[in-house]
Amino acid sequence: MEVTHFFEALWQLSIAMAPYILFGLLFAGILHELVPDSIVTKHLGKDNVSSVVKSTLFGIPLPVCSCGVIPLATSIKKSGASKGATLSFLISTPITGVDSILATYGIFGWIFTLYRVVTSMIIAMLAGILTNIFDKDTSPTSAVSAGSVTNQTLRANTGSTSTVGFSTFKPVGADSISALNTQAKDNDKSPKKFSFLAALKYAFITLLGDIAKPLFWGLLLGALITVAIPENLAELLKENAWLSYLIVIAIAVPMYVCATASLPIAAGLMLSGVSAGAAFVFLSAGPATNTVTIGVVKKMLGSKSLFIYLGSIILGSMLFGLGLDYIFDSTNIDPTSLIHMNEESGIIDTLSSIILWGLVLWFMVKPYFKKKDECSSGNCCS
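Residues numbered from 1 in each chain as written. Predicted model: local features only at pLDDT ≥ 70, side-chain atom pairs only at ≥ 80, totals over all residues. Heavy atoms only, no water.

Asker: How would you explain the overall build of the protein chain if you had to name every residue and give the values?
Answerer: Scanning the protein chain for helices and strands turns up 17 helices and zero strands. Here the protein chain holds 382 residues, and 43% of them are scored as buried. Once local pairs closer than 6 in sequence are excluded, the contacts in the protein chain between residues at least 24 apart make up 86%. Split by element, the accessible area of the protein chain, about 19800 Å² in all, is 66% carbon and sulfur. (Helix = DSSP H or I, 4+ residues; strand = E, 2+ residues; numbered from the N terminus. Buried < 20%, exposed > 50% of the residue type's maximum accessible area, 1.4 Å probe, protein only. Contact = heavy atoms within 4.5 Å. Areas by Shrake-Rupley, 256 points an atom, 1.4 Å probe, with all protein chains shown as cover.)

Below, the structure written as structure tokens:
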């Protein structure tokens, strides 16, 4: 492998993705400012199909990785959402996001992008519905209304199920609870002021800071795969689809990689001769799972939900990967022809790539400068 070929492949990957990543981050920042955080936890419903569909649709545009989705999912679960709704949110959110969708379009085109989004929704909904059927919540809901609590208290004190006298008798704290509920409703109605500066900060500091490291290594690994995989291995994987699927699954499930950072790796696999279906398996299973998320799902939702979670992602990814290969084989589409690389780059592509690399490298070296400053002020140990 020549070093020049590696850097050429790295540059081609960068210019293919950079404009769409930057625009996607900007759109995500604006979306974050326009849509209140509380809306995510309000409309997931109960233990039914509707809650699963809503949680999946909520998760699709959110630019959150498989680790960043954990606190959101925990908040949703604690607010009273069902196991199925929580699990579907955990799957759909990290696989896609506005930044990842735009970057997917930038490299693979609209057919592959649409296929990725639709199949992600199907996998997430299927996992949520199966969880609601086979692993229903048995614990009582933590959010109990004040009226319900009052009714139970009166029954315990009087030994009667009659609710007569509610209009004249008020338990201690009823006024306080009513006032708090009214205040919460008023707070929800108060509009959030849009700040473009806050949107930029969230997009290019918070979000990009979260994905900078995996994106950096994803680009390097994608370029390395493009130029380093031996031709005989690529031919072996191409001729034996199931073998390539199993290898990709074994790598993708425990690995931490965000949806955007997985794209250059998948592109490298396809350019090396691996089927589009195997690359799709990596794009689907890689962002949706990692060792941290697996542990959290087991603790938060239980072993049965964990089995449904992993089974839905693995089997769904492989089946849809086979479907993608079948579509390409039946229509004689060359998967590598979808990848928009090795094309003449314009000024926007070049500038976007330079800006993206500048920001990514800054976030990579920033912790070292911070550590150096702490040591110079005497705050670090020897």
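Asker: Explain the environment of Met125 to me, using residue names and the numbers behind them.
Answerer: Looking at the element boundaries, Met125 is found in helix H7 (residues 110-134). Sequence separation between Met125 and Val53 is 72 residues, and the spatial gap between their C-alpha atoms is 6.3 Å. When neighbours within four sequence positions are excluded, Met125 is seen to be in contact with Val52, Val53 and Thr56.

Asker: An account of a nonpolar patch on the surface is requested, with residue identities and associated values reported.
Answerer: There is a patch of nonpolar side chains on the surface, built from Trp11, Ile347, Ile348, Leu351, Ile354 and Ile355 and spanning about 610 Å² of accessible area. With five residues, the top contributor of residues to the nonpolar patch is helix H17 (residues 347-376). With respect to the helices and strands, Ile354 occurs in helix H17. (Patch = residues over 30% accessible without salt bridge, like charges linked within 9 Å, V, L, I, M, F, W, Y side chains within 5 Å. Salt bridge = Lys/Arg side-chain N within 4 Å of Asp/Glu carboxyl O.)

Asker: Outline the environment of Ser244, supporting the account with residue identities and numerical values.
Answerer: Structurally, Ser244 is set in helix H12 (residues 241-252). Accessibility expressed as a relative area gives 1% for Ser244, which makes it buried. Expressed as a C-alpha distance, the spacing of Ser244 and Val281, which sit 37 residues apart in the sequence, is 9.5 Å.

Asker: Could you give an account of the side chain of Ser100, naming the residues involved and the relevant values?
Answerer: Looking at where Ser100 falls in the secondary structure, it is placed in helix H6 (residues 98-108). The class of Ser100 is buried, set by a relative accessible area of 1%. The residues contacting Ser100, other than those within four sequence positions of it, are Ile95, Arg116, Ala259, Thr260 and Leu263.

Asker: Tell me what's going on with the environment of Met318, and back it up with residues and numbers.
Answerer: Relative to the assigned elements, Met318 resides in helix H16 (residues 303-331). Residue class for Met318 comes out buried when judged on its relative accessible area of 7%. When the C-alpha positions of Met318 and Phe282 are compared, they lie 9.5 Å apart, and in sequence the two are 36 residues distant.

Asker: So what's going on with the packing of aromatic side chains? Residues and values would help.
Answerer: Under the counting rule described, the total for this entry stands at seven aromatic pairs. Here the aromatic rings of Phe216 and Trp217 are separated by 5.1 Å at their centres, their planes lie at 80 degrees, and the arrangement is edge-to-face. What makes Phe216 buried here is its relative accessible area of 14%. Ring centres 5.9 Å apart and planes at 80 degrees place the aromatic pair Phe216 and Trp357 in the edge-to-face group. Taken together, the residues span a long stretch of sequence, with Phe216 in helix H10 (residues 196-228) and Trp357 in helix H17 at a distance of 141 residues. (Phe/Tyr/Trp six-rings, centres within 6.5 Å; stacked < 30°, edge-to-face > 60°.)

Asker: Describe the nonpolar core, naming the residues involved and giving the relevant values.
Answerer: Residues Leu87, Ile91 and Phe108 are the most contacted members of the largest nonpolar core, which totals 84 residues. With twelve residues, H10 is the single largest residue contributor to this core. Leaving out residues up to four positions away in the same chain, Leu87 has contacts with Ala127, Thr131, Val297, Leu301, Ser305, Ile308 and Tyr309. (Core = buried A, V, L, I, M, F, W, Y, C linked by side-chain atoms within 4.5 Å.)

Asker: How would you sum up helix H5 (residues 83-95)? Please name residues and give values.
Answerer: Here H5 is 13 residues long and its end C-alpha atoms lie 19 Å apart, about the 18 Å a rise of 1.5 Å per residue gives. The buried fraction of H5 amounts to 13 of the 13 residues, a majority that puts the element mostly inside the structure. (Expected span 1.5 Å × (residues − 1).)

Asker: I'd like a description of helix H1 (residues 3-34), backed by residues and values.
Answerer: In this model H1 runs 45 Å from its N-terminal to its C-terminal C-alpha over 32 residues, within 8% of the 46 Å that 1.5 Å per residue would give. Along H1, the sharpest kink reaches roughly 40 degrees, centred on Met17 and followed within four residues by the proline Pro19. (Bend = angle between axes of the 7 residues up to and from the residue.)

Asker: Report on the side chain of Ser317, specifying residues and quantitative values.
Answerer: Counting through the fold element by element, Ser317 comes out in helix H16. A distance of 2.6 Å separates the side chain of Ser317 from the backbone oxygen of Ile313, its partner in a polar contact. Among all residues touching Ser317, those that are not within four sequence positions of it are Ile123, Phe280, Val281, Ser284, Ala285 and Ser312. (Polar contact = N/O pair within 3.5 Å; in protein donor to acceptor, adjacent residues only side chain to side chain.)

Asker: Let's hear about the packing of H5 against H7: which residues, and what values?
Answerer: The N-to-C vectors of H5 and H7 enclose an angle of 160 degrees; their axes lie 7 Å apart at closest approach. By the angle between their directions, the pair H5 and H7 is classed as roughly antiparallel. At the point where H5 passes H7, the crossing takes the right-handed sense. The residues of H7 that touch H5, namely those facing Lys83, Gly84, Ala85, Leu87, Ser88, Ile91, Ser92 and Ile95, are Arg116, Ser120, Ile123, Ala124, Ala127, Gly128, Thr131 and Asn132. In terms of residue class, the contact of H5 with H7 is built from seven nonpolar, seven polar and two charged. (Axes fitted to C-alpha atoms, helices over the stretch in contact; angles between N-to-C directions. Parallel < 35°, antiparallel > 145°, perpendicular 65-115°, else oblique. Left-handed = near helix turned anticlockwise from the far one by under 90°. Nonpolar A, V, L, I, M, F, W, Y, C, P; charged D, E, K, R; others polar.)

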